[in-house]
Structure formats: structure tokens, C-alpha cells
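Okay, here's what each chain looks like letter by letter:
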Amino acid sequence: MTNQPIDRFKSQVLLILSEIPKGECIAYGELAKLAGFPGYARQVGQLMKNLPKDTKLPWHRVVNAQRRISFAENTDGYLRQKERLEQEGWLIVGTRLTNHTPPSRQKPEQSQ
DNA sequence: TAAGCGGCGGTTC
DNA sequence: AGAACCGCCGCTT
């Protein structure tokens, strides 16, 4: 339409997103960069928000650069994303993602 | 037209 | 490690 670059941005992002393997996650900025639009992290988030609820795209695999779910904990969006991520093997503590059991306050210090 | 707001990110304190 | 700040860029008011 009138917004060709923007439309392309969406297409690219959604394409890359659909290629994200199960059990893996990517940051908004990372996704934007891979799509060819570095700096468009927020737009990716906006795009995710605008995705239809019945989309089969792995929107839940998109988290922020801090490896955290960008929704507030009490929101339904957070709960949905958490559910889906846990379903793919992720262990989630609060908004934080961990691949396996979190190191119960195990501090590196001189360990090794 | 201007101002504010995000499913953000990187740096700094 | 966590909170605060600023920079970013399109969308909504």
C-alpha cells in the first residue's frame, strides 16, 4: 500500500519470527535487526501486540534484551507468554527466563 | 501540528 | 545486580 517500507518491515519480522525454533527465544531488537531494521525493537513490540490472537506465530518467543517477559506479572499477556514458554521447556521466575533450574543464590565468588 | 506513549535497548549510577 | 536515564521510531491522541 502506501507504506511499503513499513509493510516490508512487518513481513520480514513475521518471517523471521516464524523461523524461530521451538525452545528458543529472541530479543525484540535482535528480531528487528535480523529483519533488516536495526533500532526498531519497539516497533516489533507494537507489531506483536497487534498480532491476531489466533496467530500461529511464536510471538511468545520474543522477549526483551534482558531475557525477561516485557509484560507486568499481573497482566494476562504475561501469563499467556509464560505458559507458552514453560510449555517449550523454559523455567520462568517472575519475568525472568532461565533454561534450567535457577542457581539458588549460588554466587560465583572464588568457585573455580 | 505537537506531545505522549510503548510487549525496547544500552549506558550509567 | 537493580534502578534510573536517555535515545530510538512509529502510532495514537
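Conventions adopted
- Residues numbered from 1 in each chain as written.
- Chains lettered and ligands numbered in written order.
- Predicted model: local features only at pLDDT ≥ 70, side-chain atom pairs only at ≥ 80, totals over all residues.
- Heavy atoms only, no water.
- Near = heavy atom within 4 Å.
- Polar contact = N/O pair within 3.5 Å; in protein donor to acceptor, adjacent residues only side chain to side chain.
- Helix = DSSP H or I, 4+ residues; strand = E, 2+ residues; numbered from the N terminus.
- Nonpolar A, V, L, I, M, F, W, Y, C, P; charged D, E, K, R; others polar.
- Buried < 20%, exposed > 50% of the residue type's maximum accessible area, 1.4 Å probe, protein only.
- Contact = heavy atoms within 4.5 Å.

Trainee: Would you mind going over the protein's contact with DNA strand B in detail, with residue names and values included?
Mentor: Surveying the vicinity of DNA strand B reveals 16 residues, the closest of which are Y28, R42, K49, A65 and S70. The sugar-phosphate backbone supplies 43% of the atoms of DNA strand B found within 4 Å of the protein. Within the contact set of DNA strand B, a base nitrogen lies 3.4 Å away from a side-chain nitrogen or oxygen of Q43. Between a phosphate oxygen of DNA strand B and a side-chain N or O atom of S70, the distance comes to 2.4 Å. Counting only elements with at least two residues in the surface near DNA strand B, the list comes to α2 (28-34) and α3 (41-50).

Trainee: An account of the protein's contact with DNA strand C is requested, with residue identities and associated values reported.
Mentor: Near DNA strand C, the surroundings consist of G39, Y40, R42, Q43 and Q46. Sugar and phosphate atoms represent 65% of those atoms of DNA strand C found within 4 Å of the protein. Here Q46 contributes a side-chain N or O atom positioned 3.0 Å from a sugar or linking oxygen of DNA strand C. When the residues that make up the surface near DNA strand C are grouped by side-chain class, the tally is one nonpolar, three polar and one charged.

Trainee: Could you give an account of the side chain of T98, naming the residues involved and the relevant values?
Mentor: With respect to the helices and strands, the residue T98 is situated in strand β4 (residues 96-98). The class for T98 is buried, based on a relative accessible area of 13%. Engagement of the side chain of T98 in a polar contact is seen with the backbone oxygen of L91, the distance being 2.7 Å. Non-local contacts of T98, meaning those with residues more than four positions away in its chain, are made with W90 and L91.

Trainee: Talk me through the environment of P5; I want residue IDs and the actual numbers.
Mentor: The topology assignment puts P5 in helix α1 (residues 4-19). The exposure class assigned to P5 is exposed, which follows from its relative accessible area of 52%. Sequence separation between P5 and E86 is 81 residues; the distance between their C-alpha atoms is 35 Å.

Trainee: Pulling in residues and values, what's your account of the environment of N99?
Mentor: Position of N99 relative to the elements: it lies in the segment after β4. A sequence separation of 10 residues divides N99 from G89, and the C-alpha atoms of the two residues are 7.4 Å apart. Residues contacting N99, with those up to four places away along its chain left out, are G89 and W90.

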